[in-house]
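Secondary and tertiary structure notes
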Amino acid sequence: MTMRRGAASVGQDSVRLPGTATIAEAIHDGARRLRDLADNPRLEARLLLAHALGLSRADLIRDPHRSVETGTFNDLLTRRLLHQPLAHILGRREFWSLEFQVSPATLIPRPDSETLIEAALVHFAHRPPPRRILDLGSGTGCLLLALLHEFPAAFGIGIDIAPDAAGLARRNAIRIGLADRAAFLAGDWTKPIAGRFDLVISNPPYIPAADIDDLMPEVALHEPRRALDGGADGYDAYRTILGDLPGRLLPGGTAILELGAGQAKEVAALARQAGFAASLHLDLAGIQRAVVLSPIGD
């Protein structure tokens, strides 16, 4: 989320393929056009071609010399070259080995956020598993639904300020088969509900407002600003959540929050002021990505 703005990639590399090409030719040309934009241009080209043709990636590998129509593939490449996120073009994103529908109403699930699920599994490894889970700013529902997948006796509530996000999360719960154990509401943090929970989880907005326009275009131009904007210093949402946590946790309850790079020290200090002890978990890049909060004295 902290990647900086890149240059647009529409120029001579936007030249379209002819009306037909072999699968191998289409992937090669797509990768060439995406080389300055994508971390893995060949993979993105393969995913876009499979989506355009309604085929699986295995189908593409099985018959690389098959001749295919390239019109839809060209259109998808053009959208990607204009920095539309790949997940928005495909309409889906994998998270915790589950597939989630995505839309511009929510943040796209990211591998970094899987650190929160890992932190929960570590925390509850030698404790009774959570039975009531609250997800604040639930977006696609990926955090809550991944947790319900791991804790089969739990029920969860997800809250998001955007009604479209709550609707998308409900549809994801249905698709994954967890609709009977999850409820998604539109509201401002915890205002729509009363009650206490064993686990509160959140990926709050944490980008300082002045930094948002400098993010990579896929984020700055295509993901909801309200899900990014953490206020002037990036900590507004943490202050709100920490202020409400004492009234939302059951005895022995835990909260796990996602952190932006470099925010661990300040969030831990805010947590101590609110009466919580903090422990930190690293993501795969070695960044302190999740903070686990327990009431001091528990």
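In this report, we go over the structure that sits alongside the text.

Regarding the packing of aromatic side chains
Evaluation of the coordinates by the stated rule reveals three aromatic pairs. Each ring, one from Phe95 and one from Phe100, has its centre 6.3 Å from the other, and the planes form 75 degrees; the classification is edge-to-face. Take Phe95 and Phe100: they sit in the same class, and that class is buried. Between Phe124 and Phe151 the ring centres are 5.8 Å apart and the planes differ by 75 degrees, which places this aromatic pair in the edge-to-face class. Of this pair, Phe124 sits in the loop between helix H6 (114-123) and strand S5 (132-136) while Phe151 sits in the loop between helix H7 (142-150) and strand S6 (155-160), and the two are 27 residues apart along the sequence.

Some details on the pattern of salt bridges
Applying the stated rule across the entire model yields 15 salt bridges. The salt bridge partner of Arg225 is Asp213, with a shortest N-O separation of 3.4 Å. Residue Arg225 is located in the loop between helix H9 (217-220) and helix H10 (236-244), and its partner Asp213 is located in the loop between strand S8 (197-202) and H9; the two are separated by twelve residues in the primary sequence. Asp213 sits in the partly exposed class, given a relative accessible area of 46%. Through salt bridges with shared partners, a single network forms among Asp29, Arg32 and Arg33.

With respect to the pairing of strand S4 (residues 98-101)
Going residue by residue along S4, you find Leu98 and Phe100 tucked away on one face and Glu99 and Gln101 left uncovered on the opposite face. Note that strand S3 (residues 92-95) and S4 share four bridges and pair antiparallel. Residue pairing for S4: Arg92 is matched across the bridge by Gln101. Linking S3 to S4, which pair antiparallel, is a turn of two residues; within it Trp96 sits at a positive phi near 55 degrees.

Thresholds applied
- Residues numbered from 1 in each chain as written.
- Predicted model: local features only at pLDDT ≥ 70, side-chain atom pairs only at ≥ 80, totals over all residues.
- Heavy atoms only, no water.
- Phe/Tyr/Trp six-rings, centres within 6.5 Å; stacked < 30°, edge-to-face > 60°.
- Buried < 20%, exposed > 50% of the residue type's maximum accessible area, 1.4 Å probe, protein only.
- Helix = DSSP H or I, 4+ residues; strand = E, 2+ residues; numbered from the N terminus.
- Salt bridge = Lys/Arg side-chain N within 4 Å of Asp/Glu carboxyl O.
- Pairing = 2+ DSSP bridges.

So far we have only geometry, and geometry alone does not tell us how the molecule works.
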